[in-house]
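Chain and residue survey
The primary structure of each chain is shown beneath.
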Amino acid sequence: MGIKLFLLIIFFAVMVGVGFYSRRHVKSVDGFVLGGRSVGPWLTAFAYGTSYFSAVVFVGYAGQFGWKYGIASTWIGIGNALIGSLLAWVVLGRRTKVMTQHLRAKTMPDFFGQRYGSKALKIVASVIVFVFLIPYTASVYNGLSRLFGMAFNIPYTWCVIAMAVFTAIYVILGGYMATAINDFIQGIIMLFGIVAVIASVLNGQGGFMEAVSKMAQIPSDVPATMGQPGAFTSFFGPDPLNLLGVVILTSLGTWGLPQMVGKFYAIKDEKSINTGTVISTLFAIVISGGCYFLGGFGRLFDAPELHDEAGNMIFDGIIPHMLSTLPDILIGIVVVLVLSASMSTLASLVLTSSSTLTLDFLKDNVMKDMSEKKQVRTMQVMVVFFIVLSVVIAMDPPTFIAQLMGISWGALAGAFLAPFMYGLYWKGVTRAAVWASFAAGVGITVLNLFFHFIASPINAGAVAMVAGLIVVPVVSVLTPKLKKDRVDEIFACYDEKVTITKKRSLEQN
């Protein structure tokens, strides 16, 4: 217990110290929200990765999908790395930075308002962000508390409150720059921690080959496999179609999440994008691939306490149970690992929500003529408001972690992904198409909550995203176009001439 407490105290002290160090960056709105748009490649890449992966992935998703799909759940981690990180940086990174800076947009709702010339779009987008980031935040608290309960026997309530207080302190003190620096520190902890945990867990099963051999003997409980053993060690697992739905939601979903895309707004320069793309992808391979790979061996740790009174599996308890047999020093590392992942995600969510609510909803609508200083102060107050609200909801989490996150990601990415991505590349996107995407993303996710026409909220989220990608071009073709002069002026930012070295380009004059 002494080792675990010591690691925690050091961890929290460093986080708060970074908050104080970063205070000079919060004098302006750009500084508080985007770190002055001058964040380098390593900080940006780690901020992207640590915001991506939290206790939701490590405890909730890795446990649930590892149990369902076996070792094939590693495909989810590979998809996260190649689609959610590599392709996201390649397709969105540079264009997001250029256009948002040209439009002076600081948030995703601000982008929609400026790009499509609609204040109403901006306001509605800010409401969607605020409402649907709350269940995501609750799921982060939920996942972390289970590990704390296993390691310290601390009540759930105190875990949630402590995490909320420390996150609030460093976000309020240092804004985006504090979260970026802390994300970098937390990311280093995550990289070393996940490798040590996987090695230790597999070693406890007699090594990798022995663990795979044991998994191969477990008969599948998926009807299509007719109970044959070996499904949980097969290439695509016992249920490839549903596995694909998870890959789409958790990988493509990042393209439409405001707390993820916002990282591209803050990038410093071209080199930061190129370097950040590589770092972010490698980070995702190790962290996400490692989490799902570890979760794929979950059935080797089946125990009566992992089932409820009706005999149903409690998915969120699988990973904590797997880790409970580790030595104290490793449990301490795991707790700090998941705490790192969760606090970085929480900080990103809180900063996104507070800035969106202040800049896109309150400013010019409720509170007129807000000075730069007043906007920063209001965002700091909103950080506290959002954290308190999410803590209240987290005290009585309604369902499994994966379902909570599926609802949040499905609504946000379903609504925003298509109009954001198309809006960076295609002049023909219309205002009506953006409204249609908002309606489709939120509509499919919310209606499915009540009518369950798609069995899994995860698959419902994937459907919502794909629907947006179809709806936006179809509606754009059928509805009135935006003013050509304004659209041409927006896209002119891509045609500005820049001078670069031959190391970057071989073009001749």
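Everything below is about the structure printed above this text.
Criteria and cut-off values
- Residues numbered from 1 in each chain as written.
- Predicted model: local features only at pLDDT ≥ 70, side-chain atom pairs only at ≥ 80, totals over all residues.
- Heavy atoms only, no water.
- Helix = DSSP H or I, 4+ residues; strand = E, 2+ residues; numbered from the N terminus.
- Expected span 1.5 Å × (residues − 1).
- Buried < 20%, exposed > 50% of the residue type's maximum accessible area, 1.4 Å probe, protein only.
- Patch = residues over 30% accessible without salt bridge, like charges linked within 9 Å, V, L, I, M, F, W, Y side chains within 5 Å.
- Areas by Shrake-Rupley, 256 points an atom, 1.4 Å probe, with all protein chains shown as cover.
- Salt bridge = Lys/Arg side-chain N within 4 Å of Asp/Glu carboxyl O.
- Phe/Tyr/Trp six-rings, centres within 6.5 Å; stacked < 30°, edge-to-face > 60°.
- Axes fitted to C-alpha atoms, helices over the stretch in contact; angles between N-to-C directions.
- Left-handed = near helix turned anticlockwise from the far one by under 90°.
- Contact = heavy atoms within 4.5 Å.
- Nonpolar A, V, L, I, M, F, W, Y, C, P; charged D, E, K, R; others polar.
- Parallel < 35°, antiparallel > 145°, perpendicular 65-115°, else oblique.

With respect to helix α15 (residues 372–394)
Given 3.6 residues per helical turn, the α-helix brings residues three or four places apart onto the same face. Its 23 residues give α15 an end-to-end C-alpha distance of 33 Å, which sits within 8% of 33 Å, the value for a rise of 1.5 Å per residue. The set of residues buried in α15 consists of Q375, V376, T378, M379, Q380, M382, V383, F386, I387, S390, V391 and A394.

Brief notes about a nonpolar patch on the surface
A contiguous nonpolar patch, built from W75, I78, L82, L86, L87, V90, F235 and F236 and spanning about 720 Å² of accessible area, is present on the exposed surface. Within the secondary structure layout, I78 lies in helix α5 (residues 74–103).

Quick word on the packing of aromatic side chains
One pass over the structure, following the stated rule, counts 26 aromatic pairs. When the centroid spacing of 6.3 Å and the interplanar angle of 85 degrees are considered together, the rings of Y48 and Y52 count as edge-to-face. Here Y52 and Y48 lie together in helix α3 (residues 41–52), a separation of four residues that amounts to about one turn. Take Y48 and Y52: they sit in the same class, and that class is buried. Note on F65 and Y69: the rings are 6.1 Å apart at their centroids and 15 degrees apart in plane angle, and the pair reads as stacked. With a gap of four residues between them, F65 and Y69 both fall in helix α4 (residues 55–69), about one helical turn apart. Take F65 and Y69: they sit in the same class, and that class is buried. Members of the aromatic cluster, each reached through a chain of ring pairs, are F111, F112, Y116, F416, F420, W435 and F438.

Comments concerning the packing of helix α10 (residues 240–252) against helix α18 (residues 457–478)
For the pair α10 and α18, the least separation of the axes is 8 Å and the interaxial angle reads 60 degrees. Note on packing geometry: the crossing formed by α10 with α18 is left-handed. On α18, the residues that touch N242, G245, V246, I248, L249 and L252 of α10 are I458, N459, G461, A462, M465 and L469. For the contact of α10 with α18, the residue count by class is eight nonpolar, four polar and no charged.

Focus on the pattern of salt bridges
Tallied over the entire structure, the rule returns four salt bridges. A salt bridge links K122 to D110; the nearest nitrogen and oxygen atoms lie 3.7 Å apart. Here the residue K122 occupies a position in helix α7 (residues 119–152), and D110 occupies one in helix α6 (residues 108–115), the gap between them amounting to twelve residues. For the pair formed by K122 and D110, the shared burial category is buried. Measuring nitrogen to oxygen at the nearest pair gives 3.1 Å for the salt bridge that ties D488 to K427. One end of the pair, D488, is in helix α19 (residues 484–491); the other, K427, is in the loop between α16 (401–425) and α17 (431–451), and 61 residues separate them in sequence. Taken together, the salt bridges that share partners define one network made up of K427, K484 and D488.

Regarding the environment of G423
Among the structural elements, G423 can be located in helix α16. What makes G423 buried here is its relative accessible area of 0%. Along the backbone, G423 and V472 are 49 residues apart, and their C-alpha atoms lie at a distance of 10.0 Å. Sequence-distant contacts of G423, defined by excluding residues within four places in its chain, comprise M99, R115, Y116, A418, V429 and F491.

So, the packing of α3 against helix α11 (residues 258–265)
For any two helices packed against each other, one specifies the crossing angle of their axes together with the interaxial distance. At a minimum axis separation of 10 Å, α3 and α11 run at an interaxial angle of 180 degrees. When the axes of α3 and α11 are compared, the pair comes out roughly antiparallel. For the pair α3 and α11, the contacting residues are T44, A47, Y48, S51 and Y52 in the first and M260, K263 and F264 in the second. Broken down by class, the residue content of the contact of α3 with α11 amounts to five nonpolar, two polar and one charged.

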